[in-house]
Every structure is written in structure tokens, then in C-alpha cells.
Amino acid sequence: MAKTRSLRWSLPALLLAGQAHATEIQFNMTPGVTDISQQVYNLHMTIFWICCAIGLVVFTAMFVSIILHRKSRGVTPATFHESTKVEIIWTAIPVLILILMAIPATRVLIAMEDTSDSDVTVLVTGSQWRWHYEYLDYDIDFFSILATPRGQIEGRLPKGQNYLLEVDRPLVIPTGKKIRFLMTSDDVIHSWWVPAFAIKKDTNPGFINEAWTRVNEPGIYRGQCAELCGMDHGFMPIVVIAKEPDDFAEWVEQEEARIAAIREEEQRLLALRMNLDEQMELGERVYLAHCAACHQPNGTGLPPMFPALKDNHVTTQDRAEHIRVMVDGRPGTSMASFARQLSLRELTSVITYTRNAWGNDTGDVVQAVEVYEYMQSKGE
Amino acid sequence: MSTVTTADHHDAHHDHKPTGIKRWLFTTNHKDIGSLYLLFALAMFFLGGAMAMVIRLELFQPGMQFVEPQFFNQMTTMHGLIMVFGAVMPAFTGLANWMIPMMIGAPDMALPRMNNWSFWILPFAFLILIISMFLPGGGPDFGWTFYAPLSTTYSNDSTALFVFAIHIMGISSIMGAINVIVTIVNMRAPGMTWMKLPLFVWTWLITAFLLIMVMPVLAGLVTMVLTDKYFATSFFDAAGGGDPVLFQHIFWFFGHPEVYIMILPAFGIISAIVPTFARKKLFGYASMVYATASIAILSFLVWAHHMFTTGMPVYATLFFMYTTMLIAVPTGVKVFNWVATMWRGAMTFEVPMMFALAFIVLFTIGGLSGVMLAIAPVDFQYHDTYFVVAHFHYVLVSGAVFSLVAAAYYWLPKWTGHMYDEKLGQLHFWCSVISVNLLFFPMHFVGLAGMPRRIPDYALQFADFNAFISVGGFLFGLSQLIFVWVLVKCIRGGEKAPAKPWEGAEGLEWEVPSPAPYHTFDTPPQVK
Amino acid sequence: MNAKHSTLIGKLSLLVVAMFAFGYALVPLYDVFCEITGINGKTASEPVSAEAAIVDTSREITIEFIARPNQQMPWIFKPEVRRMRVHPGEIHVMNYLAENPTGQAIVGQAVPSVSPGQAALFFHKIECFCFTQQYLAGGNDMLMPLQFYVDPALPSQFSTITLSYTLYDVTSQWQPGQQNDSAKEFGE
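Everything quoted here is computed from the prediction, not taken from an experiment. Each chain carries its own residue numbering, running from 1 in the direction its sequence is written. Throughout, the order in which chains and ligands are written sets their labels, letters from A for the former and numbers from 1 for the latter. Local features in a predicted model are, by the rule used here, given only for residues with pLDDT of at least 70; side-chain atom pairs are given and counted only at 80 or more, and totals for whole chains, interfaces and linings are based on all residues. Only hydrogens and water are set aside when side-chain values are computed; all heavy atoms of the structure are taken into account.

Q: In this structure, what is going on with the overall build of chain A? I would like to understand it.
A: Where helices and strands are cited, they refer to DSSP runs of H or I of at least four residues and of E of at least two residues respectively, numbered from the N terminus. A tally of regular secondary structure across chain A gives 10 helices and 10 strands. We take the radius of gyration over the C-alpha atoms and set the globule estimate at 2.2 Å times the residue count to the 0.38 power. Computed over the C-alpha atoms, the radius of gyration of chain A is 27 Å, more than 25% above the 21 Å expected from 2.2 N^0.38 for a compact globule of 380 residues. By its C-alpha atoms, chain A is 95 × 50 × 45 Å across when sized along the principal axes. Each residue is assigned to one of three classes by its accessible area relative to the maximum for its type, calculated with a 1.4 Å probe on protein chains only: buried under 20%, partly exposed between the two thresholds, exposed over 50%. In chain A, which comprises 380 residues, the proportion classed as buried is 54%. For chain A, long-range pairs separated by at least 24 residues make up 66% of all intrachain contacts whose partners lie at least 6 apart in sequence. Throughout, a residue-residue contact means that at least one pair of heavy atoms, one from each residue, lies within 4.5 Å.

Printed below as a string of C-alpha cells:
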């Protein structure tokens, strides 16, 4: 997949990355950027050429026969219809070819099964339809969601170069280190696939899977969910940025500081009052990123699976219930708890937004403290 | 292979069938039921095809243009279900009904009334499935493989209808399979020994056993899905001690033999057509039978090659990789035998032969990509991409479907008493064979380049290929309208067909007049 | 229908029924198969007796603890430590913190999974909160213990074992009989 060497891409640059210009057409599998992916590619090419050779032999025999042994040339058909010798030969030769294929295949598979210690461990959790990354060695965890604006998907805006392959927060890993991925899922089965690493592993709810990589070159590597996981299966890309170890250390510092700042801000927010405009602006952004896939940008939903929020009793009247659903989710449905996924500020704004958008016009301005109090009060 | 000494030509005397709708509703005649199956399959082929056209229309350009993602998923799901259970399987059953009694010299299928039932419940199964699409929330949208928990906890209520429909389809298939086995085992004409059976009969016998072995497993699986969703069991729910990966093991234990159910009878058809038009006996008859049987047995030992990415231990991965590769051996034997049959024959190239030749080439391509997919470490890159889509469409469309079309052209004179229009048939062939490759060949590239399957929208680097594929798809769809034209023309009239319209054809079905009388072989023929 | 047909139909029908049953038999078969081969990193669902295994002091294994409440499970659920270095054969206790911040009582079920899968065969649990459903009243918290040891027979290529628990809300399926006795001992 498309890969750019630039390391200095920050979040806005990722979002705005290049307006659509022709990308070159790729016919073959990527050799990737790891030793394993290179081995996989070589194996793929070996098997491919062997298959081509077999095809060539079979089709040559067939077409020679079609050209020479046709009735219009006045031939009389031969009468042979069996030959044990020939049949044994063409059973034995394929067996030999298969053994020839199995040897390198086994070797590559064994090479993939390296259980030695890793330098960085990332817990990858799939959920409908976003990825969550948690660094077990650092105090870092975040969701990674599609960053392509809906306008591009719906054709109202020109499509960017990385259309559907861009996320708000990419996974960042150091180069030259062994990275171990632990994979699991919160709902259905997803599959975490980055072609450049030759990693594709299913994330099974309740269970963990493991994969590892050691990336040789810094760069941005893109992939997608590879297992049908519901409506927006096509819209949960993966972006991994591999940085030199020093740059990675710097990123870890910044990221830890960023996450700590959010927590601090939450405390500060409780005292603060946000106005409607401010909340509507942030709320809309959060809504489009996290809610619009199911509840639709115009709040009409896709009943009965995803109820309309426009003119809904909960979003227009029952404010406490609204907060409750956002914080706790609705068990047994796709409505997850957003308490951990969104910051308090985002949570508050998106509630305010839904209560005022698309003619809901309740005029309600929910404050962070209200949501926070509910979260706390649940214990009492 | 066999000759008739006491041909039976007095069928016309008792050719008293009811007329109108009642004839078709209450018929127990294998030829009528065969025709019903074939027409039903054709209708389903166009319905499933129409859904494929919706898919290709949406994928023509990047961006969401025509349908919603959820509807797109319903289209891919229904396309798969309809093509597998509604088009390919019933079409083969239709051929079995029509041809097996005539090929083995039996007057009818062994269980004619059950035969009627097994057909007539089928339309209801599909009616239920299609109705579910119009209910609030839409129809099944979890792929034809309906992996749990997407099909359990996270599906809508159409799942109940889906399960019910699958049950009916399963019952229909099982009844059909029992009928085929009993007919072949008990009703062969005197002298029709096992090793004289036409290969189509042999492959169907083995297919019928596969059906009996795996359709109940599918029935069990959908029942588990139903109880998981509605009755609080947790076969596939980790919270209750279940395991979603178990679903995939059971599904593919059914699913892999299922793909052979869709291809073994095709092998039988090709083994009938190639010798006919090469005017030379089938090479290696016995090894063909053994190869078919070994493919069937191996098919129970390879299921987990669909699941390499689920996280299996290395030795399990290796086991399933090796067994899968092994399947290439008997399959290869078949292809070599066909080529050897052609070798030094005296070939002519009527439409059935053209489709059979295209089958051999394109099925081999699909088989070779299958070998590539068997290699576990590279399968991690191929799995769930368009490379897989290309692979199974090569074996199922230019494989199974082409063999069905070849069979239709081959036996149409026997069924209708008229020769089909050769020129139109050739047009149909060339349009189909070109467009099917425009449609499916680029899918290999786009899959290798990294496009996952079952996505309604894609990144820009896949755009050119997809536009191309869509055009191929539309052309292939249109080409099949020529087939309908040929069929209608042939049923309504045309050059009178002799009892044996193909010079090199062998077998009992060519000993009876064309069209085959309503009742054939009331007195069993004596096969020498 | 003649007798020849009936016998054959009988046999085939029996095969159909047997295969339907086999479909269901695959469920326990799979569990057995998993426990033998370690597919999916499933660990035994029953405690093992705490046999005094010989402690292999020549090597250390890193045990990684992952604890995740499922999306719809409102509990806070954490391991006391994230990593532990152990000698194979040593018996260790690891505590998990569970907190129910909601107003209602919730019953949780933890589902274990070990990676790499083959290592699951060598990870023995003497006592585990995952063997039973866990009841926690609203606003309360508790420590949930896990007592385990790593089999000294663990092949040498494994140096890290990851134990993951996913915690599910199973309040609707609660069987009050099997309450969390083990957790009580360690108190709240």
C-alpha cells in the first residue's frame, strides 16, 4: 500500500494529505519492509512461477492437441485410453513439486513463529468500527478511527490521496525493534492487516492472538480490517508510523504528556462552563467521527438496528437517560459505552450537539460537571 | 462403454400426464422435476447475478454512490447464498434428475414422491430468504459464511428467517442426495456394473454422500446460531464459555466439502463431453473414479485452511497446509486425464466442447491459485482479499457454472428434441469466456495489491482495476441473456435432433429418441 | 417402495442423524482438542491441585497480565502489576482489582486466554476467580486472586507468557449458587 517516507507528518498533515493525484497501479504483492515480509514475498513469487510453469505445460499440451488433433484435419482418433505407467508418472511428479513447495513454505512459517522477547508490546483491540491501541510498556492508549471526511466518501469533496486509508491517530512504533502485537476484540471478529509487515491476524472477542514485526525502514504503512465485521467494515483502516528509536522516544514523551494533559483538563473542565457554540462545534466533529456511521450524519439512524436520534424521546427530553446511555452504553446492542472512548469534554459536547442538531433544538447546554457527577454518582 | 440390446420404444403409448400447473405441482416424473430444478436454478442465477451487478455498480468508482454499506453487505451475502444454494446446487440436482435414470437405464428416480417434495420446498426457502430483505433492518448482512458473533449477538432479526431458510434448503438437498444414492445403488439396469457407470453418475454418487455428511452439520450450526441468538446458549459467545473460532471450525467442516459438492459433478460433465467431441474414450476411467473419491475424502481434512489467520498453532497450520496441497494431486490427475483424452483424438468444437475446454483452462487457473492459497505463510497476505474472490470465482463461475452451461448445450437436443442455434451458442461462448476473464482476472491483481473483500468502498489505487472489473461484470451479465435467447429458441423449435446428435457420444441416454419420451426404460435395457 | 430401497433409506437417514449429532459433538470435541493443543490459548476451566513441582531456578519467565472489561461491562478491572518474572514451578498469587462504579449489582465472568497458545498447556491455575461468576454490589470493589505456577516442562523457546482476561457482564445468566467464595477471603 501507499507509503511515504516523510516522518514529519503531524496530525493535520495526515488529514489534509495531498489532493487526489494519480497513484501508480500495483499488480503484485508488496515485498514489504520487514525481513519476514520479504521472505513471504519471495515465497509468493517462487510458488507463483512454479504454478505458471505447471500451467504452461498443461496448456501447451492442450492447445497443441486442439490445433493438431482436430477432425477438420482429417485425423482418425487413436484408441488408447489408459496407461498405468503414465498415470503413475503424473501422480508422482506433482507430489514431488508439492514437496518442493512445502519445504520453503514450512521454513517461512517457522521463521514467523519467533517467541523471543520483544522490545515493545502493543495490545490491539478491534471494535465496530475502530481500533484501540494500548502500549503495555508506556502509559499510552488511544482509539484510532477513520479520518476521511464523509464529504469525500459521499462525493461532495474531492478524494484525498490516502482516501479511506487515513486515521486520526496512527499507531507509532520504533524501527529496528521487535514489536509484539497482542490482538483481541470487543465485539465481533476483526482482522488486523498491514501488508507491508505481512501481518494479518484475526482479533477474536474474548481471546488473544499474537503477532510480531521488526520494521527496517521508517515510514507510514497502511492497512485495513480484513474480516467482515458489519456495516462499516470497509471504513476501519490501520495506519502505522515507524520512527527511528530516538524519534519514537520523543513521541512517547509527547503522547504521555498529551494524555496526562487531557486528564488534567478534565479536572479543570469541571469548574468551567462551555457555551453552546463551542460545544456544537466540537460536538459535531465528535458526532461525525464516532456516531454518524450508525446514527447517520443527519441523525435519522438506520432503524431498527440504529435508532434515529432526531426527534427521539431520549435526545429531546430525557436528559438524564441521554447521559446514562452515553456513559454506560446499551447492553446487548451495538451502542457501546463511550465513557472510556471519549474525553469528558468530547462526551459533554456530543450530548449537547445531539440535543440541538437537526431540529432537536432543546436549547440544552450540558456541562461537563453534570456528566462527571453521573459517572461518580453511580457508585453511591 | 455400454450398449443396449433391448431398447425400449413403446413409451409413447402411456404418455398420459396431467396438463397445466397441476402437472408441475404434483409431478413425480424425474424429467419434469429435473426441468423444474434447472429452470429454478436459472432464475436464481439471474437473481444472484442481479445482486452481483449491484455490487459491481457500487464498486465501479471509489466513494459511496448507489447503496448504503449495510445494503451492500446484504447484497454480498445474498449473492453468495443464492448462487451457492439457489443456482449451482439445484442446477446439478436438476441434471442428476434428468440424466441419472437415463444414464443407468432406470425408469425414474427411486423415490419419486420425495423427489417432488425436495424440489417444491426449495422455492419457499428462497422466498423466505428474499422476504427477509424487505423487513425492517433488512436481510442477512453477515456474509454467506455468517461468522459468529456477527450473525448472533450483532445481527438483526432477519437471522431467524435466514436460519429457517437454510434448514429448508438443507432438507431439500439431503432428500435429493438420498434419492440419488438409492437410485444409483438399487436401480441400475442389468449389466450396468460399478465400473461401467458414466463418470457423471459416479461423481454425483460421491457428491450425494458428501451432501449427506455435511448438510446435517450445517443444519446443526445454524441451529446453534439460532439458540445463541434467541435462547441464551453460548456456543460462540466467550462470555458464556463459548468460542467464536469454534463457529469457523464447524462452518468450514461443512464448507470445504461443500465447495467440492459444487465441483465434483462438474468433473463428471466434463468427463462426458470431452470424450464425445474428441471421439476417443475417456483416458484413465478408473483413476478418474479414484481421484474423485480421494478428493472427497481429503475434503474432510482441509477445512482449517480457511482459518490460517485465526491464530492456530504452527503444527496445526502445517497439517492443514500439507493436506490442502495434497488435494492438488488427484485434481491434477483429472486435468491430465482430460488432456490425454483430447490427445490424438479427432476433435470438433461445438458449443458444449468449447465450454468444456474453457472449463479445463480456467478451472486449472483457479486450481493453481488454490495451490498458492494453500501455502499458509503467503495466505496471510492473500486471505480475505480479492485474490481469494478471484480464486473461487474462477473455480465456481468458469468452473461449476461453465460446466452447467456446457451440460445444458450438450443435453438440450435430448431434452427438447431440437438442436440449439450453433451460431448463437458460439456467440454466447465467446462473449462469456472473454467477459468472465475481464471480470475475474484483474481481481488477482487488485487482491495482491491489498484490497480486502466485502468492502463497499476502497482506496484510490484500486480504482482503475475496479472500473475494469465492473465493466467485465456487466458484460458477463449481459452475455448470459444470449443464453436465455438460445434456450427459448431451442425449446420453441429448431432443427430436429436425432436420438444421438453427437457423433462420438456414448451412453444409454443417447439410445432413446430425442426429445426423451416422458417415460424411458420402463423395461430395463440389457447392458453388455 | 420396495424393501431394498427402505433398507438403504434407513441407513442413509441414520447417517444424516448421526452427522447432525456429530455437528453438536464437535463442540465438546473442540474443547478437548483445544485443551490438548492449546488452540486459542484456552486454559483449563478447572483448578489443578497445587503439586509441589520442582522449581527450576535456572530460568525466568515473564508473565504479562492483561485485564480488560468488555465494552459493555462497566466495571473497572485491573491487574495489580502488569508483569511478573517467575521461575517455572514457583507458585505465585496475583491479585486483580475489580470495582463496580454503577448503582446496581453486576455479575462478571472473566474469560482467560493465553498467548502463545501452546504455552497455555504449561500455565496452571490452582485457584482463579475465572472459574466462577463474580458478584459485586454497586459501588463496591474487591480483589480477585489468581494462584498459578508455570510448568517447568515449558519448552525453552517461550520466555514470555501473556495471560489475558476479558471480563463480561453476565448478570442475566447469574446462578446465585456459585458465588465468589475465593474473592471473599481476600476481602474488599
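Continuing now.
Q: Where do I start with the packing of helix H7 (residues 199-230) of chain B against helix H8 (residues 244-261) of chain B in this structure?
A: Helix-helix packing is described using two parameters, namely the angle between the two axes and the distance between the axes. Residue and element names in this part refer to chain B. Fitting a line to C-alpha atoms yields each axis, with helices limited to the stretch in contact; the angle taken between N-to-C directions then spans 0 to 180 degrees. Running from N to C, H7 and H8 cross one another at 150°; their axes reach a closest spacing of 9 Å. The angle between H7 and H8 places the two elements in the roughly antiparallel class. Classified by chirality, the crossing of H8 by H7 is left-handed. For the pair formed by H7 and H8, the contact residues are Thr-207, Leu-210, Leu-211, Val-214, Met-215, Val-217, Leu-218, Leu-221, Met-224 and Val-225 on the first element and Phe-247, Ile-250, Phe-251, Phe-253, Phe-254, Pro-257, Glu-258, Tyr-260 and Ile-261 on the second. The scheme is simple: roughly parallel for angles under 35 degrees, roughly antiparallel for over 145, roughly perpendicular for 65 to 115, oblique for anything else. Note on convention: near helix rotated counterclockwise from far helix by under a right angle means a left-handed crossing. Clockwise means right-handed.

Q: It is not clear to me how the domain arrangement of chain C should be interpreted in this structure. Could you clarify?
A: Interface size is commonly expressed as the accessible surface area that is lost when the partners come together. Residues and elements named next belong to chain C. Domains are outlined according to an automatic or database domain assignment. Structurally, chain C comprises domain 1 (1-37) and domain 2 (42-186). Facing the six residues of domain 1 at the interface are five residues of domain 2. Take the accessible area each of two parts loses on contact, using a 1.4 Å probe, and add the two losses: that sum is the buried area. Of the roughly 400 Å² buried between domain 1 and domain 2 on both sides combined, carbon and sulfur atoms contribute 51%. Of all residues in domain 1, the largest losses of buried area upon contact with domain 2 belong to Cys-34, Glu-35 and Thr-37, amounting jointly to 75% of the total for that side. We define a salt bridge as a side-chain nitrogen of Lys or Arg found within 4 Å of a carboxyl oxygen belonging to Asp or Glu. In this assembly, domain 1 and domain 2 are joined by zero salt bridges. Contacts described as polar in this section are N or O atom pairs within 3.5 Å, which, within protein, must combine one atom able to donate a hydrogen with one able to accept it, while residues neighboring in sequence count only if both atoms come from side chains. On inspection of domain 1 and its partner domain 2, the count reaches zero residue pairs in polar contact (both at pLDDT 80 or more). When residues are sorted by character, Ala, Val, Leu, Ile, Met, Phe, Trp, Tyr, Cys and Pro go into the nonpolar class, Asp, Glu, Lys and Arg into the charged class, and all the rest, Gly among them, into the polar class. Tallied by class, residues from the side of domain 1 that touches domain 2 come to three nonpolar, one polar and two charged.

Q: Please clarify how the packing of helix H12 (residues 351-374) of chain B against helix H15 (residues 422-448) of chain B should be interpreted in this entry.
A: Residue and element names in this part refer to chain B. Between H12 and H15, the shortest axis-to-axis distance is 10 Å and the interhelical angle comes to 10°. It follows that H12 is roughly parallel to H15 by the angle criterion. For the pair H12 and H15, contact is made by Val-351, Met-354, Phe-355, Ala-358, Leu-362 and Ser-369 and by Glu-422, Gly-425, Gln-426, His-428, Phe-429, Trp-430, Ser-432, Val-433, Val-436, Asn-437 and His-444, respectively. The residue inventory of the contact of H12 with H15, partitioned by class, reads nine nonpolar, seven polar and one charged.

Q: Would you mind showing me how to read the interface of chain B and chain A here?
A: Tallying the contact residues gives 96 residues for chain B and 96 residues for chain A. Counting each side, the surface lost to burial between chain B and chain A is near 8,100 Å², with a carbon and sulfur contribution of 71%. At the junction of chain B and chain A, the tally comes to one salt bridge. Taken together, the connections running from chain B to chain A amount to 23 residue pairs in polar contact (both at pLDDT 80 or more). Among the elements of the structure, helix H3 (69-104), H8, helix H11 (314-342), H12, helix H13 (376-382), H15 and helix H16 (463-492) of chain B are those that each provide at least two residues to the side of chain B that touches chain A. Considering every element that reaches the side of chain B that touches chain A, the biggest residue donor is H11 of chain B, with 16 residues.

Q: Help me understand helix H3 (residues 84-112) of chain A in this model?
A: The α-helix advances 3.6 residues per turn, and as a result positions three or four apart in sequence lie on the same side. To estimate how far a helix should reach, multiply one less than its number of residues by 1.5 Å. If you check H3 of chain A, its first and last C-alpha atoms are 42 Å apart, about what 29 residues at 1.5 Å a residue would give, namely 42 Å. Those residues of H3 of chain A not exposed but buried are Glu-87, Trp-90, Pro-94, Leu-98, Met-101, Ala-102, Ala-105, Thr-106, Val-108, Leu-109 and Met-112 of chain A. Buried positions along H3 of chain A lie against helix H2 (35-68) and strand S8 (209-213) of chain A together with helix H10 (285-298), H11, H12 and H13 of chain B.

Q: Explain the sheet that holds strand S4 (residues 91-99) of chain C to me, please; I cannot follow it from the model alone.
A: Sheet strands pair by backbone hydrogen bonding; their relative direction is either parallel or antiparallel. All names here are of chain C. Strands are labelled as partners when DSSP assigns at least two bridges between them. As summarised here, the arrangement of the four strands in space is S2-S4-S8-S6, forming an open sheet in which the pairing is antiparallel. Edge positions in the sheet fall to strand S2 (76-79) and strand S6 (123-128), since each of these pairs with one other strand and no more. Strand-to-strand, the axes of this sheet are offset by a mean angle of 25°, without reference to chain direction. Sheet analysis places S2 next to S4, joined by four bridges and oriented antiparallel. Across the sheet, the residue bridging to Lys-78 is Leu-97, located in S4.

Q: Just to check I follow, could you spell out the packing of aromatic side chains for this structure?
A: In this description, a pair of aromatic rings is defined by centroid distance and the angle of the planes. Within 6.5 Å between ring centres, the rings of Phe, Tyr and Trp (the latter by its six-membered ring) count as paired, and their orientation is classed by plane angle as stacked under 30 degrees, edge-to-face over 60, tilted in between. Counted by the stated rule, this structure contains 75 aromatic pairs over all chains. Note on Tyr-147 of chain B and Phe-247 of chain B: the rings are 5.9 Å apart at their centroids and 70° apart in plane angle, and the pair reads as edge-to-face. Pair noted here: Tyr-147 of chain B is in the loop between helix H5 (122-132) and helix H6 (158-186) and Phe-247 of chain B is in helix H8, with a separation of 100 residues, a long-range link. The buried category is assigned to Tyr-147 of chain B, whose relative accessible area is 8%. Pairing Phe-77 of chain C with Tyr-96 of chain C gives two aromatic rings, centres 5.7 Å apart and planes at 25°, and the pair type is stacked. One end of the pair, Phe-77 of chain C, is in strand S2; the other, Tyr-96 of chain C, is in strand S4, with 19 residues separating them in the sequence. Like Tyr-96 of chain C, Phe-77 of chain C is buried. Criterion for a charge above a ring: Arg CZ or Lys NZ at most 6 Å from the ring centre, at most 35 degrees from the ring normal. Its guanidinium or amino end placed over the ring of Tyr-230 of chain B, Lys-229 of chain B lies 5.5 Å from that ring's centre, counting from NZ or CZ. The cationic tip of Lys-280 of chain B hangs over the ring face of Phe-80 of chain A; the distance from NZ or CZ to the ring centre is 3.8 Å.

Q: Please explain H5 of chain B as it appears in this structure.
A: Residue and element names in this part refer to chain B. Buried within H5 we find Leu-122, Ala-125, Phe-126, Ile-128, Leu-129 and Ser-132. Angular distribution of buried residues about the axis of H5 spans 155°; they occupy a single face of the element. Packed against the buried residues of H5 are helix H2 (30-59), H3, helix H4 (112-120) and H6. Directions pointing from the helix axis toward each C-beta atom define the arc.

Q: Would you mind going over the state of the cysteines with me for this structure?
A: When two cysteine sulfur atoms lie within 2.5 Å, the pair is treated as a disulfide. Scanning the entire structure with this criterion turns up one disulfide over all chains. Cys-128 of chain C shares a disulfide with Cys-130 of chain C; S-S distance 2.3 Å. Because the torsion about its S-S bond is 135°, the bridge between Cys-128 of chain C and Cys-130 of chain C counts as right-handed. Unpaired in this structure, Cys-51 of chain A has its nearest cysteine sulfur neighbour in Cys-52 of chain A, at a distance of 7.2 Å.

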